[in-house]
Amino acid sequence: MRPLTANEVEQSVPARFYEVAAQHGERPAIQTQTDTITYDQLNRESNRIAHLLLEMLGPGNEAVCLLFEHGASAITAILGALKAGKIYVPLNTFAPLARNAQILAHSEARVLLTNSVNLESARLLADSARRLEVINIDTLPGGLHEDNPTLIVNPDYGSYLVYTSGSTGTPKGILNNHRNI
C-alpha cells in the first residue's frame with residue numbers, strides 16, 4: 001500500500017471515502033465470514049443513515065452513540081455518522097449497562113444507532129437516558145436518499161469520542177478529528 005499524500009490527509013473521512021468509492025465501486029469494501037459489501041453498497045447504505053441523522057438532528061458536530069458488535073453493520077453506522085458530520089461514540093456491547101449509560105449521559109448524545117442483534121440492550125439504555133432516540137439500522141424507513149449528502153465535513157471536525165478505561169475513577173472522553181483518522 002502506498003503512503004497517503006498531504007492532500008489525502010487534509011480531507012475528512014467522508015471526502016476520502018467518496019473518492020475511493022467512485023474509483024472502486026464494485027470492489028469489496030468489507031469482507032467478513034458472513035458478508036461481502038462493495039464500496040458502492042457501503043456508500044449507499046451509509047448515505048441512508050447520514051440522511052436520516054441529518055433529518056433528525058440537522059447539521060452540527062454532535063455526538064451519536066453506536067451499539068454494535070464488530071462487523072459490517074458497525075462500519076456502515078460509523079461511516080453514516082461521519083458523513084452526517086457527527087461524532088460517533090462507540091459503546092461496548094459487553095460493558096455493564098451502568099458504564100454505557102454513563103458514557104451516553106456524558107456524551108450528551110440524543111441518538112443511539114444499533115442493529116437488531118443489540119436492539120434490546122439499546123432500549124434498556126434508552127430507558128436510562130432522557131431524550132434518546134434509538135435507531136435500528138436494519139429497519140431504516142423507506143424513502144431515504146442514497147446519494148452523497150451535500151454537507152461538507154471539515155478535517156478538523158470531531159470524528160469520534162472514545163472513553164478511557166476509567167482506572168482513575170470516572171472514564172474520560174478523548175475526542176479525535178477526521179485528520180487524525
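In this text the structure is predicted, and so the values were computed from the model without any measurement.

Asks: How would you summarise helix α3 (residues 39-57) if you had to cite specific residues and measurements?
Replies: The terminal C-alpha atoms of α3 lie 26 Å apart, and with 19 residues this matches the ideal 27 Å at 1.5 Å per residue to within 8%. Gly58 occupies a position one or two residues after α3 and carries a positive phi of about 75°.

Asks: Got a sec to walk through the nonpolar core? Specific residues and values, please.
Replies: In globular proteins that are soluble, nonpolar side chains generally tend to be buried together. Counting residues in hydrophobic clusters, the biggest one holds 32 residues, and the most contacted among them are Leu53 and Leu113. Looking at this core, the elements that each hand over two or more residues are α2 (13-23), α3, β3 (63-67), α4 (72-83) and β5 (111-114). Element by element, the count of residues in this core is highest for α3, at eight residues. With residues near it in sequence (within four places) discarded, Leu53 still touches Gly58, Val64, Gly80, Ala81, Ala84, Lys86, Val111, Leu113 and Ile135. Ala63, Ala109, Ala122 and Ala126 belong to the second-largest nonpolar core, a separate cluster that totals 16 residues.

Asks: Mind laying out the environment of Arg130, listing which residues take part and the relevant values?
Replies: Following the sequence through the fold, Arg130 ends up in the loop between α6 (119-128) and β6 (133-136). Through-space distance from the C-alpha of Arg130 to that of Ala105 is 8.7 Å; in sequence the pair is 25 residues apart.

Asks: Residue-level account of the pattern of salt bridges, with values.
Replies: Taken as a whole, this structure holds eight salt bridges when the rule is applied. Residue Glu45 is joined to Arg48 by a salt bridge in which the shortest nitrogen-to-oxygen separation is 3.1 Å. Of the two residues, Glu45 and Arg48 are both situated in helix α3; the distance of three residues between them amounts to about one turn of the helix. Of the residues examined, Arg48 reaches a relative accessible area of 14% and is grouped as buried. Counted as one network, the salt bridges with shared partners bring together Glu10, Asp156 and Arg179.

Asks: So what's going on with unusual backbone geometry? Which residues, and what values?
Replies: With a phi angle near 60°, Glu108 is a residue other than glycine that sits in the positive phi range. With respect to the secondary-structure elements, Glu108 resides in the loop between α5 (97-107) and β5.

Asks: Account for the packing of aromatic side chains, naming residues and giving values.
Replies: Throughout the structure, instances matching the rule amount to two aromatic pairs. Aromatic pair Phe17 and Tyr39: ring centres 6.0 Å apart, planes at 40°, arrangement tilted. Of this pair, Phe17 sits in helix α2 while Tyr39 is found in helix α3, placing the two residues 22 residues apart along the sequence. Both residues of the pair, Phe17 and Tyr39, belong to the buried class. Ring centres of Tyr88 and Tyr160 lie 5.5 Å apart, and the angle between their planes is 25°; on these two criteria the pair is classed as stacked. In this pair, Tyr88 sits in strand β4 (residues 87-91) while Tyr160 sits in strand β7 (residues 158-163), placing the two residues 72 residues apart along the sequence.

Rules and cut-offs
- Residues numbered from 1 in each chain as written.
- Predicted model: local features only at pLDDT ≥ 70, side-chain atom pairs only at ≥ 80, totals over all residues.
- Heavy atoms only, no water.
- Helix = DSSP H or I, 4+ residues; strand = E, 2+ residues; numbered from the N terminus.
- Expected span 1.5 Å × (residues − 1).
- Core = buried A, V, L, I, M, F, W, Y, C linked by side-chain atoms within 4.5 Å.
- Buried < 20%, exposed > 50% of the residue type's maximum accessible area, 1.4 Å probe, protein only.
- Contact = heavy atoms within 4.5 Å.
- Salt bridge = Lys/Arg side-chain N within 4 Å of Asp/Glu carboxyl O.
- Phe/Tyr/Trp six-rings, centres within 6.5 Å; stacked < 30°, edge-to-face > 60°.

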